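# What the coordinates show
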Amino acid sequence: MLADARNVMPDELKFEGDKRFFSAALDRAALIVHGRNSHEDQPNSPRRKRIILTHRVAATAPDPSNANALLWNPAGATFEEACERAGVTSGTVAIIGGPDVFDMFMDRYDTFWLSIAPKVRLPGGEPCFPGVGEKTPQQILAAHGLKPGEAQMLDPQDGVSVTPWRRS
């Protein structure tokens, strides 16, 4: 789960090791892509170039509240067109969610980093991908041609790990 039943990421799902890993990865990315309800809420967030998915624009439009953000409607422009309009033509793209955004890029990932917090339960929460419940996140990633690499322990006390799932 990415969030609780209210669609909010609760404090019990926030771990220092995971936050450090996530923040460092975003600092290396040329572009961040997410839905309008997702954000990373970190000190460097305003400086990061981003594309925000929305149906509120026809194709693309500048975000009036963030000079580093472009609003993008996938029904009106391709991802490549949105990247070009955002001024990003190379580098790592970090897709940070939510579930429909993750799903949209499922067949394009080079690597998907799946974090697991085994002690946390969020009944009725927001799953990381559509279809979680009938299948595990790992089964969904494997069904899209991704294979797990070696897990890294991020927070040993709570057993929080991250596993790279890479395209073979």
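As shown above, the structure is provided for reference.
Presented here is an overview of the structure given in this document.

In terms of helices and strands, the protein carries 4 helices and 9 strands. Reading the protein from its N end, one meets helices and strands in the order α-β-β-β-β-α-β-α-β-α-β-β-β. A globule of 168 residues ought to have a C-alpha radius of gyration of about 15 Å, and the protein, at 16 Å, matches this closely. For the protein, the C-alpha atoms occupy an extent of roughly 40 × 35 × 30 Å along the three principal directions. The burial tally for the protein puts 43% of its 168 residues in the buried class. By sequence separation, contacts in the protein at least 24 residues apart represent 51% of the contacts at least 6 residues apart. Accessible surface, the protein: about 9,700 Å² in total, of which carbon and sulfur atoms supply 50%.

It is worth spelling out unusual backbone geometry at this point. Of note, the amide linkage connecting Gly-97 to Gly-98 takes the cis form, showing an omega dihedral of 10 degrees. Within the secondary structure, Gly-98 sits in the loop between β5 (93-97) and α3 (99-104). At Asn-7, a residue that is not glycine, the phi angle is positive and equals roughly 70 degrees. Assignment of secondary structure puts Asn-7 in the segment before α1 (16-28). Owing to a relative accessible area of 43%, Asn-7 belongs among the partly exposed residues under this scheme.

Quick look at the environment of Phe-79 now. Note that Phe-79 resides in helix α2 (residues 79-86). Exposure remark for Phe-79: the relative accessible area of 11% places this residue in the buried category. Along the primary structure Phe-79 and Asp-18 are separated by 61 residues, whereas in three dimensions their C-alpha atoms are 28 Å apart. Excluding residues within four positions of it along the chain, Phe-79 makes contact with Val-33, Ile-51, Trp-72, Val-93, Phe-105 and Arg-108.

Before going further, it helps to spend a moment on the packing of aromatic side chains. Applying the stated criterion across every chain, the model contains 7 aromatic pairs. Here the aromatic rings of Trp-72 and Phe-79 are separated by 5.6 Å at their centres, their planes lie at 50 degrees, and the arrangement is tilted. With centroids separated by 5.2 Å and ring planes inclined at 80 degrees, the aromatic side chains of Phe-102 and Phe-112 adopt a geometry described as edge-to-face. You can see Phe-102 sitting in helix α3 and its partner Phe-112 sitting in strand β6 (residues 111-116), a full 10 residues away along the chain.

Core analysis: the largest hydrophobic core is formed by 27 residues, its most contacted members being Val-33, Ile-51 and Phe-112. Where this core is concerned, the elements lending two or more residues are β1 (31-35), β2 (50-53), β4 (69-72), α2, α3, β6 and α4 (137-143). In terms of residues, this core owes the most to one element, α2, which gives 4 residues. Not counting the four nearest positions on each side in its chain, Val-33 is found in contact with Ile-51, Leu-53, Phe-79, Val-93, Ala-94, Ile-95, Ile-96, Gly-97, Val-101 and Phe-105. Counting residues in each nonpolar core, the second largest holds 8 residues, with Leu-13, Leu-122, Val-160 and Val-162 among its members.

Moving on, we get to the sheet that holds β5. Taking strand neighbours across the sheet as the criterion, the 5 strands line up as β3-β4-β2-β1-β5 in an open arrangement whose pairing is mixed. The open sheet is flanked by β3 (60-62) and β5, the only strands paired with a single partner. Here the strands of the sheet are splayed against their neighbours by 25 degrees on average, with no regard to which way each runs. With 4 bridges joining them, β1 and β2 adopt parallel strand pairing. Residue Ile-32 lies in a different strand from β2, and its bridge partner there is Arg-50.

This part is about α1. Given a rise of 1.5 Å per residue, 13 residues ought to cover 18 Å, and the 19 Å separating the end C-alpha atoms of α1 matches this to within 8%. Along α1, the residues that are buried comprise Gly-17, Asp-18, Ser-23 and Leu-26. Where α1 is buried, its residues meet β1, β5, β6, β8 (152-155) and β9 (160-167).

So, about the pairing of β1. A large share of β1 lies buried, amounting to 5 of its 5 residues. A two-sided burial pattern is seen for β1, the buried positions comprising Leu-31, Val-33 and Gly-35 on one face and Ile-32 and His-34 on the other. Sheet topology places β1 next to β5; 4 bridges connect them, and they run parallel. Considered in β5, the bridge of Leu-31 is made with Val-93.

Here is what the cut-offs are and how they apply
Residues numbered from 1 in each chain as written. Predicted model: local features only at pLDDT ≥ 70, side-chain atom pairs only at ≥ 80, totals over all residues. Heavy atoms only, no water. Helix = DSSP H or I, 4+ residues; strand = E, 2+ residues; numbered from the N terminus. Rg over C-alpha atoms; globule rule 2.2 N^0.38 Å. Buried < 20%, exposed > 50% of the residue type's maximum accessible area, 1.4 Å probe, protein only. Contact = heavy atoms within 4.5 Å. Areas by Shrake-Rupley, 256 points an atom, 1.4 Å probe, with all protein chains shown as cover. Phe/Tyr/Trp six-rings, centres within 6.5 Å; stacked < 30°, edge-to-face > 60°. Core = buried A, V, L, I, M, F, W, Y, C linked by side-chain atoms within 4.5 Å. Pairing = 2+ DSSP bridges. Axes fitted to C-alpha atoms, helices over the stretch in contact; angles between N-to-C directions. Expected span 1.5 Å × (residues − 1).

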